[in-house]
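# Chains, contacts and geometry: an overview
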Amino acid sequence: MTDTGADAGSGADAGSGADAGSGGDGVRLVPGREVTVRLDKAPRPDVRYPADVVLDDGTHVVVRAPWAGPPVRDFGFVRFERGDLFTEHYWRDRWYSVKEVRAADGTLKGWYCDVTRPARVADGVLVVTDLDLDLWQSADRRTVLRLDEDEFAESGLEQRDPAAAEAARAALDELERLARDGAFAELPG
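Residues numbered from 1 in each chain as written. Predicted model: local features only at pLDDT ≥ 70, side-chain atom pairs only at ≥ 80, totals over all residues. Heavy atoms only, no water.

Moving on to the pairing of strand β12 (residues 125–138). Taking burial as the measure, the 14 residues of β12 include 13 buried ones, the bulk of the element. Alignment of strand β3 (residues 34–40) against β12, held across 5 bridges, turns out to be parallel. Bridge pairing links Arg38 to Val127 in β12. In this sheet, β12 lies alongside strand β10 (residues 108–116) in antiparallel orientation, the contact comprising 6 bridges. Looking at β12, one finds that Gly110 is bridged to Ser138. Hairpin geometry of strand β11 (residues 120–122) and β12 is characterised by an intervening segment of 2 residues between the two adjacent antiparallel strands and by a positive phi of about 55 degrees at Asp123. The pairing of β12 with strand β13 (residues 144–147) spans 4 bridges and is antiparallel. When the bridges of β13 are listed, Leu135 appears paired with Arg146. The hairpin formed by β12 and β13 contains 5 residues between the paired strands, and Arg141 there has a positive phi angle of roughly 70 degrees. (Buried < 20%, exposed > 50% of the residue type's maximum accessible area, 1.4 Å probe, protein only. Helix = DSSP H or I, 4+ residues; strand = E, 2+ residues; numbered from the N terminus. Pairing = 2+ DSSP bridges.)

Here it is, written out as structure tokens:
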């Protein structure tokens, strides 16, 4: 996992990690293969990183990737560091992703969630468009933080695409509810 929030191949060839199949975009990723994850975060540059495909049922995609951002990224409530491992959950029909974060020794740090447009596979790349809103839940589940609401307000999404802005706010509310219900610990992977 690369710089969260600051978080290839082509077609269905054997090296892309993708095969034709069912799903909203018509392509399923192949477990055991590597795929490039591309996080679009306008107006900043896209973030790309390799990840291993764990699962793709046509709707829910799970990949695993090591932290590949700066050696240490300290958010105050959590530090992402070299050696951390992210198990990342994306959906083709949900406006968010959930990333389980573990330290190099396997200790659970918590879950970092991004509000995004639904994931899609394009040219063998898992593409996710970040919409600025984030949520953090600590490993002990006591701390749930809504993040970057100021960035979201300044993004202009409300004016450019009111329907997407409404879906993003609803996704953040859903993430908070899921966190408080303990649902992240039940995700596969």
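Once you've had a look at it, read on.
Across 6 bridges, β3 lies against strand β4 (residues 47–56) in antiparallel orientation. Each residue of the ladder has a partner; that of Val35, found in β4, is Ala51. Hairpin connection, β3 to β4: the antiparallel pair is bridged by 6 residues. The sheet contact formed by β4 and strand β5 (residues 60–66) spans 4 bridges and is antiparallel. Looking at the pairing, Asp52 lines up with Arg64 of β5. A loop of 3 residues connects β4 with β5, the two strands running antiparallel in sequence, and Gly58 in this loop sits at a positive phi of about 100 degrees.

Counting 21 residues, the largest nonpolar core has Tyr96, Val98, Val115, Leu135, Leu175 and Phe184 as the members making the most contacts within it. For this core, the leading source of residues is helix α3 (residues 162–180), giving 8 residues. In contact with Val98, other than residues within four places in its own chain, are Thr87, Glu88, His89, Trp91, Trp111, Tyr112, Cys113, Leu175, Phe184 and Leu187. Counting residues in hydrophobic clusters, the runner-up holds 17 residues, among them Leu39, Tyr49, Ala51 and Ala65. (Core = buried A, V, L, I, M, F, W, Y, C linked by side-chain atoms within 4.5 Å. Contact = heavy atoms within 4.5 Å.)

Turning to the side chain of Lys109, a few remarks are in order. With respect to the element layout, Lys109 can be found in strand β10. Within polar-contact distance, the side chain of Lys109 engages the backbone oxygen of Arg79 at 2.6 Å. Leave out the neighbours within four places in its chain, and Lys109 touches Val78, Arg79, Phe80, Glu81, Asp84, Val101, Arg102, Ala103, Trp136, Ser138 and Ala139. (Polar contact = N/O pair within 3.5 Å; in protein donor to acceptor, adjacent residues only side chain to side chain.)

With the rule as written, the count across this model stands at 12 aromatic pairs. With 5.9 Å between their ring centres and 70 degrees between their planes, Phe80 and Tyr112 make a pair best called edge-to-face. Residue Phe80 is located in strand β7 (residues 79–81), and its partner Tyr112 is located in strand β10; the two are separated by 32 residues in the primary sequence. (Phe/Tyr/Trp six-rings, centres within 6.5 Å; stacked < 30°, edge-to-face > 60°.)

This paragraph deals with the environment of Tyr96. With respect to the secondary-structure elements, Tyr96 resides in strand β9 (residues 96–102). In this structure the C-alpha to C-alpha distance between Tyr96 and Val115, which are 19 residues apart in sequence, comes to 4.2 Å. Residue contacts for Tyr96: discarding those within four places in its chain leaves Trp91, Asp114, Val115, Thr116, Ala171, Glu174, Leu175 and Leu178. In terms of polar contacts, Tyr96 uses its side chain to reach the side chain of Arg94, at 3.2 Å. A polar side-chain atom of Tyr96 sits 3.2 Å from a polar atom in the side chain of Glu174.

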